[in-house]
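# Coordinates in review
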Amino acid sequence: MKLHEYQAKQVFADAGIPTPDSALASDVDGVLEAAADIGYPVAIKAQVQVGGRGKAGGIELVESDEEAREAAERIIGMDLKGIHVERVLVEEAVDFTNELYVGVTMDRGEGKPVAMVSTKGGVNIEEVAEEDPDAIAREHIDPSFGMQPYQARKVVFDAGVDRAVATDVAGVLSTLYDLWTSKDGSDAEINPLMVTADDEVIAADAVMNIDEDALFRQPEIAEMGEEAAGGDELEQKADEYGFDYVRLDGSVGIIGNGAGLVMTTLDLVDYYGGSPANFLDVGGGAKAERITNALDMVFSDDNVDSVVFNIFGGITRGDEVAKGINEALEAFDEIPKPVVVRLAGTNWEEGMEILNEDLVTVEQTLEDAVQRSVEYAEEGEA
Amino acid sequence: MKLHEYQAKQVFADAGIPTPDSALASDVDGVLEAAADIGYPVAIKAQVQVGGRGKAGGIELVESDEEAREAAERIIGMDLKGIHVERVLVEEAVDFTNELYVGVTMDRGEGKPVAMVSTKGGVNIEEVAEEDPDAIAREHIDPSFGMQPYQARKVVFDAGVDRAVATDVAGVLSTLYDLWTSKDGSDAEINPLMVTADDEVIAADAVMNIDEDALFRQPEIAEMGEEAAGGDELEQKADEYGFDYVRLDGSVGIIGNGAGLVMTTLDLVDYYGGSPANFLDVGGGAKAERITNALDMVFSDDNVDSVVFNIFGGITRGDEVAKGINEALEAFDEIPKPVVVRLAGTNWEEGMEILNEDLVTVEQTLEDAVQRSVEYAEEGEA
Amino acid sequence: MSVLVDEDTRVVVQGITGGEGKFHAGQMMEYGTNVVAGAVPGKGGQEVDGVPVYDTVDQAVREEDADASVIFVPPAFAGDAIFEALDTDLDLAVAITEGIPTQDMARVNKRLTETDTRLLGPNCPGIITPGESKLGILPGNIFAPGDVGLVSRSGTLTYQVVDSLTNRGIGQTTAIGIGGDPIIGTDFVDALAAFEDDPDTEAIVMCGEIGGEDEEEAAQYIADHVDTPVVGFIAGRTAPPGKRMGHAGAIVSGSGTGTAESKIDALNDAGVPVGDTPEEVADSVESIL
Amino acid sequence: MSVLVDEDTRVVVQGITGGEGKFHAGQMMEYGTNVVAGAVPGKGGQEVDGVPVYDTVDQAVREEDADASVIFVPPAFAGDAIFEALDTDLDLAVAITEGIPTQDMARVNKRLTETDTRLLGPNCPGIITPGESKLGILPGNIFAPGDVGLVSRSGTLTYQVVDSLTNRGIGQTTAIGIGGDPIIGTDFVDALAAFEDDPDTEAIVMCGEIGGEDEEEAAQYIADHVDTPVVGFIAGRTAPPGKRMGHAGAIVSGSGTGTAESKIDALNDAGVPVGDTPEEVADSVESIL
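Cut-off values and rules
Residues numbered from 1 in each chain as written. Chains lettered and ligands numbered in written order. Predicted model: local features only at pLDDT ≥ 70, side-chain atom pairs only at ≥ 80, totals over all residues. Heavy atoms only, no water. Helix = DSSP H or I, 4+ residues; strand = E, 2+ residues; numbered from the N terminus. Contact = heavy atoms within 4.5 Å. Areas by Shrake-Rupley, 256 points an atom, 1.4 Å probe, with all protein chains shown as cover. Lys, Arg positive; Asp, Glu negative; His and termini not counted. Charge placed at Lys NZ, Arg CZ, Asp CG, Glu CD. Salt bridge = Lys/Arg side-chain N within 4 Å of Asp/Glu carboxyl O. Buried < 20%, exposed > 50% of the residue type's maximum accessible area, 1.4 Å probe, protein only. Pairing = 2+ DSSP bridges. UniProt positions renumbered as here; feature names shortened; annotations may be inferred. Core = buried A, V, L, I, M, F, W, Y, C linked by side-chain atoms within 4.5 Å. Buried area = accessible area lost by both parts, 1.4 Å probe. Domains from an automatic or database assignment. Axes fitted to C-alpha atoms, helices over the stretch in contact; angles between N-to-C directions. Parallel < 35°, antiparallel > 145°, perpendicular 65-115°, else oblique. Nonpolar A, V, L, I, M, F, W, Y, C, P; charged D, E, K, R; others polar. Polar contact = N/O pair within 3.5 Å; in protein donor to acceptor, adjacent residues only side chain to side chain. Patch = residues over 30% accessible without salt bridge, like charges linked within 9 Å, V, L, I, M, F, W, Y side chains within 5 Å. Left-handed = near helix turned anticlockwise from the far one by under 90°.

## Here we look at the overall build of chain A
A tally of helices and strands in chain A yields 13 helices and 18 strands. Along the first, second and third principal axes, the C-alpha set of chain A runs to 75 × 50 × 40 Å. The long-range share in chain A, meaning contacts at least 24 apart out of those at least 6 apart in sequence, stands at 68%. Approximately 15,800 Å² of chain A is accessible, and the part contributed by carbon and sulfur atoms is 41%. Side-chain charges in chain A split into 27 positive and 81 negative, and the spacing between the mean points of these groups amounts to 5 Å.

See the structure below:
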């Protein structure tokens, strides 16, 4: 789960990391009021969960009420990479002499947290990582001990941060690590961490992504998350239903249980000449209602021309799946898109017996089911 | 550093460990007022830093104003194992069905924290440890991870704590461990942790000893420590001077640098037929003033009949020692007790030159110095 | 023969009094697994389907001489349950639980360097030696004893592949679901090493998926250390970069590694044929045996 | 010959810009120690008495190829400084600092199980190979090269015993002050093992004191593994039970172990004569050589 910039900054500021003066606004008057409080120049920054906001026109530096009004009118309500901008952060513009990158994330390959510092901040750090990997100093952290003070210093000095600010940057990094652990972060980043002419450091941006599996013990963050929710309408719906769902741009809707098997179904659709409309994993042990919801999801996608339902039961039971499919489809006068069903594993025979074969096409094997769904999609497109 | 019971209980209660209602009082009126607030029966408990308060008459259970007045008059101001009782804790008397022991300490042999639980609480736990060691369940804690929840449960179940209260006791133990780490405890104990008829647990006593080397980062505890200071008058003086000092009951006062060497000097005094009056380590790198203070300490002990000064300089310099000895002794019209000095190591020759040999007896070797001081002490006693 | 578990494996079920734990303990026993104890704090002294329950894993292991555990404990408490299992003399702990916070697993990962107990999972279907013992939630009826060792990051994909094998009369020595989380215990390399050491395993099927670099490392390991023929499968060829596909591990960073292509190339370079479909995997295995 | 340090040992001084660090770095160099670097955060690029200073120990070790460090860092920061030293390729880290919080040392103690770097101390005078190299605060002039290995928990007691030896013309291979704190790195057993392995060490003097059970363990180790003759000394025979005598380690619990008597008995049982006075120790050594 990704916090908005303004939320992450609040979390950072509460922990003692210096951040610029700022205020959130959702209309022009709010922007002007905030700018007056803070004093020009200010930055007006769209609060949406997309990368490259600046390049896409979501951030503007303004020096007067007139400029602020113009920028606010343009940005609030704009469509930024598919997301509607509802709020902007009005923020003190900070004069800086240097821009650093400071981050903490999980190195999944090592199974360890890693702290990173670079003097090449202010730009896309993934590009730096690719083009000039040595420009990012890294230090793995033993999660049992936590980050030791010497480790914060080490990564800061190794990155070549100026000695005049090294202690402060190490302090910011230590705080960032503590936040990352105490808030169950998956990534915590400051890019740029600005260095001013009088050797102060200030977090000009803030990224805080939270491990969704840990939200149960992060009630405050979970509450922020409700505000932070964003993305595609269908993906929001999937969040509500609690599905692992990814929208793609093909025409074959895909529902299955277990990520590996669903991915394999996508791959087979492609293999047999079709194109997947989505990834939808109902998870393990899905009951009838969940199956109904899954079909509802896929039918809601206008791109979908056919649906393939592939369940290999382990803890998921074929009879429950069949019941859910029946319930979902019996609600329609006319089935919106042809549905191909393949059931295997636990209780698949019971499922087959229950399944209303007037409403769906049944196939015995995965290959046959996928091929049939691709054919239906081709017919639908034609 | 040992906190008073009332201080430790406050620390425990602030962390969420259930403790009985209580109030501190320093006179009879205060006791009666507190007892009225709490409601009889109450326990009146002398707040002094000695073991076996109960047996020594420092704790009394009272059921009425009359009894409370009597007990308060007797206990406040009494001399408990050499310590003057200035305050008492007036505390709700708790009905219990069981008494447990719960503690956290450092196992120095293993270099690891250890958590301990026993169903034989309410008595001297050292005796239990000696007579029935299996009655205490122990679990070593990895200090990098801290105490894991399963470890708290394990030691509680292994001790045979009743399942009805096991979860609560494990919770108290976890909190105790957290306090022990966050407050730099050396020992944290609850003995007894009472179990009531309706399966509640409550800390009827509280022990919290703090690592003195960590007081610099425990300002709140250090402040409590000023209140908690107690013990022998000379030992209090040693605390002020910052000496490692232990008062013994012999007649040869001993001053030296380094614990091992001072202990060896004590042993030699004994070996040559004398008896040590004290252990006093001036530490490494002592300057003249510190030496003067050390002599003042030893002269303040009426039991002392002679003094042996044994310095082997490493970072301590012989000339500084000699200067300190001269300054201390030149302040007297008459030297109170004969002083034997042996200087070796760094700058010992310079020290010898400075030393006013009219005021002290100089010996070249440790053995000679000790023997001479023992002779002087015998003469003094005679 | 088999790897890691067999008919003699004595199993303690952590969380045996919960819904999932009780159900699957029953399923395991029905399959023939030697479930000797349950461990649930505060439930010591009870019995579940005739299995004695202890308050701690340590007590269960000591009293019933268990050598493996299966963990059905909700995610909030599962990290602690794994720690508890690793702090015993168990040979193997199998964590079925899905959704354990990653930072809890990072701490478990550190602990794994300090214990002799092997962890399988979490977020895995478990392990089965067909006809002997199953630890976990795999549907026993699709497996058959035989010569193929199988290791997979995905549960249901495992079933799909096993089903294809069993339908052709190809049985399995042992099937190992290592789980799809970013931080897991036993990984491909560990499982491959176990199968390589097993004289009865004549071929190995390895089912990977996009994300991480475990398959690439496994390919290198196969090239260096594995003589037993290996057949591969990689799910997620059509996954777009930067999208998380269900498994926390199945995210493609778009930086060259972690993609299906890089994994398939690495396996091919190690001499491992990679099937385009589960049936192709079965074809390859059939041609080897 | 010698153990642990010799004339080739390349030393980095942590805290070299502080008062103590600067003074003793100078003393060490005067004695002949090869001090190649200092490490002080934020002082990188400076020089102290011609010695280059680095911001991190890691940089100092890499740039100057150091293999040992001496730590003169105030107690509040010393735990971190030790961690930093242990996270390098150093062979040896010597912590002089007195008064490090015990819980910091418990964490260091855990870390020691994970590193190949040996820790000496804290709260110790250091180590000296007479005529070659000294790491720490020992007064070099009382030592002389020779055949006796010395290990001691106490600094000034070491000087006293060494003085007695040197005055008789008995020199030392290496003298090791292990420190008096309850939690230390190198202990008696480690030091005894090092001396036993050194062909030039003809006799070992071991100075213990009351508190803990290290001397008892050392006695057992001597009985089992040490052929080199050992002479012992135990300080604190007259200490009353339950009293803390200066060193945090020197507390007698009164429960039978940790007393001077138990230590002396254990050493005698291992065939180790224990002197009543430092001079008696020197007598015993003289009779052995």
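That was the structure; now back to the text.
## So, the pattern of salt bridges
A complete count under the given rule lists 72 salt bridges over all chains for this structure. The salt bridge partner of D:Glu114 is C:Lys110, with a shortest N-O separation of 2.8 Å. Within this pair, whereas D:Glu114 is found in the loop between helix H4 (102–112) and strand S7 (118–120), its partner C:Lys110 is found in helix H4 (residues 102–112), the two belonging to separate chains. Here C:Lys110 falls in the buried class, since its relative accessible area comes to 11%. Several salt bridges share partner residues, and in doing so they unite A:Asp142, B:Asp142, C:Lys110, C:Arg111, C:Glu114, D:Lys110, D:Arg111 and D:Glu114 into one network.

## Description of the pairing of strand S13 (residues 230–235) of chain D
Within a regular strand, the side chains alternate between the two sheet faces. All names here are of chain D. With six of its six residues buried, S13 lies for the most part within the structure. Taking every second residue as pointing to the same face, both faces of S13 are buried, with Val230, Gly232 and Ile234 on one and Val231, Phe233 and Ala235 on the other. Pairing of strand S12 (residues 203–209) with S13 involves six bridges; the strand directions are parallel. Paired with Met206 across the two strands is Gly232, which belongs to S13. Across two bridges, S13 lies against strand S14 (residues 274–275) in parallel orientation. Pairing of Gly232 across the sheet is with Val274, part of S14.

## Re the UniProt feature "binding site: substrate" (unreviewed entry) in chain C
The UniProt record marks C:Tyr159 with the feature "binding site: substrate" (unreviewed entry), using the residue numbering of this structure. Within the secondary structure layout, C:Tyr159 lies in helix H5 (residues 155–167). When residues no more than four places from it in sequence are discounted, the contact partners of C:Tyr159 are A:Phe312, A:Gly313, A:Gly314, C:Pro125, C:Ile137, C:Leu138, C:Pro139 and C:Ile142.

## Notes on the nonpolar core
Residues D:Val94, D:Leu135, D:Leu165, D:Val205, D:Met206 and D:Ile222 are the most contacted members of the largest nonpolar core, which totals 94 residues. In terms of residue count, the dominant contributor to this core is helix H9 (residues 259–271) of chain B (seven residues). Not counting residues within four places of it along the chain, the set of residues in contact with D:Leu135 comprises D:Val5, D:Val11, D:Met28, D:Thr33, D:Ala68, D:Val70, D:Leu92, D:Val94, D:Pro125, D:Gly126 and D:Ile127. Within the second largest apolar cluster, 93 residues are counted, among which are A:Phe312, C:Ile128, C:Leu135 and C:Leu138.

## Considerations on the interface of chain A and chain C
Counting residues at the interface gives 44 residues for chain A and 47 residues for chain C. The contact between chain A and chain C buries some 3,600 Å² in all, and 59% of this surface belongs to carbon and sulfur atoms. Three residues stand out in chain A for area buried against chain C, namely A:Arg108, A:Met263 and A:Phe312, and they jointly supply 18% of the buried area on that side. Linking chain A with chain C are two salt bridges. Of the charged contacts, one joins A:Asp142 and C:Lys110 as a salt bridge, the two residues approaching to 2.5 Å between their closest N and O atoms.

## Quick notes on the domain arrangement of chain A
Segmentation of chain A into domains returns domain 1 (21–92), domain 2 (96–227) and domain 3 (233–381). Here the C-alpha centroids of domain 2 of chain A and domain 3 of chain A sit 41 Å apart.

## Focus on the packing of helix H5 (residues 149–158) of chain B against helix H2 (residues 57–64) of chain C
A pair of packed helices is characterised by two quantities: the angle between their axes and the separation of those axes. Their axes nearest at 9 Å, the elements H5(B) and H2(C) cross at an angle of 55 degrees. With respect to their mutual orientation, H5(B) and H2(C) come out oblique. Of the residues in H2(C), those touching H5(B) at B:Lys154, B:Phe157 and B:Asp158 are C:Asp58, C:Gln59 and C:Arg62. Of the residues assigned to the contact of H5(B) with H2(C), the class counts are one nonpolar, one polar and four charged.

## As for the side chain of B:Glu363
Residue and element names in this part refer to chain B. With respect to the helices, strands and loops of the structure, Glu363 is situated in the loop between strand S18 (361–362) and helix H13 (366–381). For Glu363, a relative accessible area of 13% puts it in the buried group. A distance of 3.3 Å separates polar atoms of two side chains, one belonging to Glu363 and the other to Arg372.

## Here's the deal with the UniProt feature "binding site: CoA" (unreviewed entry) in chain C
Residues and elements named next belong to chain C. The UniProt feature table records "binding site: CoA" (unreviewed entry) at Thr17, Gly18, Gly19, Glu20, Lys43, Ile96, Thr97 and Glu98. In three dimensions, the annotated residues from a span of 82 residues occupy distinct locations, with a maximal C-alpha spread of 23.6 Å. Among the secondary structure elements, Ile96 is positioned in the loop between strand S6 (92–95) and H4. Leave out the neighbours within four places in its chain, and Ile96 touches Val70, Ile71, Phe72, Asn123, Cys124, Pro125, Gly126, Gly136 and Ile137. Examined against the element boundaries, Glu98 turns out to sit in the loop between S6 and H4. In contact with Glu98, not counting residues within four places along its chain, are Pro75 and Asn123.

## Points about the UniProt feature "binding site: substrate" (unreviewed entry) in chain A
In the numbering used here, UniProt assigns the feature "binding site: substrate" (unreviewed entry) to A:Asn257, A:Gly314, A:Ile315 and A:Thr316. Spatially, the listed residues are clustered: although they cover 60 residues, their C-alpha atoms lie within 10.0 Å of one another. Relative to the elements of secondary structure, A:Gly314 occurs in the loop between strand S16 (306–313) and helix H11 (318–330). The class of A:Gly314 is buried, set by a relative accessible area of 13%. Residues contacting A:Gly314, with those up to four places away along its chain left out, are A:Thr346, C:Pro139 and C:Tyr159. In this fold, A:Thr316 is placed in the loop between S16 and H11. Assessed through its relative accessible area of 1%, A:Thr316 is described here as buried. When near neighbours in sequence (up to four residues on either side) are disregarded, A:Thr316 contacts A:Asn257, A:Gly283, A:Gly284, A:Gly285, A:Ala286, A:Ile311, A:Val321 and A:Thr346. In this structure the side chain of A:Thr316 is engaged in a polar contact, spanning 3.5 Å, whose partner is the side chain of A:Asn257.

## Looking at the sheet that holds strand S3 (residues 47–48) of chain C
Residue and element names in this part refer to chain C. Taken in spatial order, the seven strands make up an open sheet running S3-S4-S2-S1-S5-S6-S7, and their pairing is mixed. The open sheet has two edge strands with one neighbour each: S3 and strand S7 (118–120). In terms of strand pairing, S6 meets S7 through three bridges, oriented parallel. Bridging from a neighbouring strand, Leu92 pairs with Arg118 of S7.

## Topic: the sheet that holds strand S11 (residues 172–177) of chain C
Residue and element names in this part refer to chain C. Taken in spatial order, the seven strands make up an open sheet running S9-S8-S11-S10-S12-S13-S14, and their pairing is mixed. Strands at the two margins of the open sheet, each flanked by one partner only, are strand S9 (133–136) and strand S14 (274–275). Of the strands in this sheet, strand S12 (203–209) and strand S13 (230–235) are in contact with helix H7 (residues 214–225), which crosses S12 at around 155 degrees. Against the sheet, helix H9 (residues 278–288) engages strand S10 (145–152), S12, S13 and S14, with an angle of about 175 degrees to S13.

## Quick word on a negative patch on the surface
Residues and elements named next belong to chain A. Judged by side-chain charge, Glu63, Asp65, Glu66, Glu67, Glu70 and Glu73 come together as a negatively charged surface patch. Mapping Glu70 onto the fold places it in helix H3 (residues 65–75). Since its relative accessible area comes to 55%, Glu70 is described here as exposed.

## Looking at the packing of helix H6 (residues 188–197) of chain C against H7(C)
All names here are of chain C. Relative orientation of the contacting elements H6 and H7 amounts to 30 degrees, with a least axis distance of 9 Å. Between H6 and H7, the angle is such that the two are roughly parallel. Here H6 and H7 pass one another in a crossing that is right-handed. Residues Phe188, Val189, Leu192, Ala193 and Glu196 of H6 form the contact with H7, whose own contacting residues are Asp214, Glu215, Glu217, Ala218, Tyr221, Ile222 and His225. Across the contact of H6 with H7, the residue classes tally to seven nonpolar, one polar and four charged.

## Regarding the domain arrangement of chain C
Residues and elements named next belong to chain C. Entries for chain C in the domain assignment read domain 1 (10–120) and domain 2 (139–288). The gap between the C-alpha centroids of domain 1 and domain 2 is 26 Å. Of the roughly 810 Å² buried between domain 1 and domain 2, counting both surfaces, carbon and sulfur atoms make up 60%. Here domain 1 and domain 2 share zero salt bridges between them. Going through the elements one at a time, H4 and S7 are the ones with two or more residues in the side of domain 1 that touches domain 2. Looking at the side of domain 1 that touches domain 2, the element that brings in the most residues is H4, giving five residues. In terms of residue class, the side of domain 1 that touches domain 2 is made up of six nonpolar, two polar and one charged.

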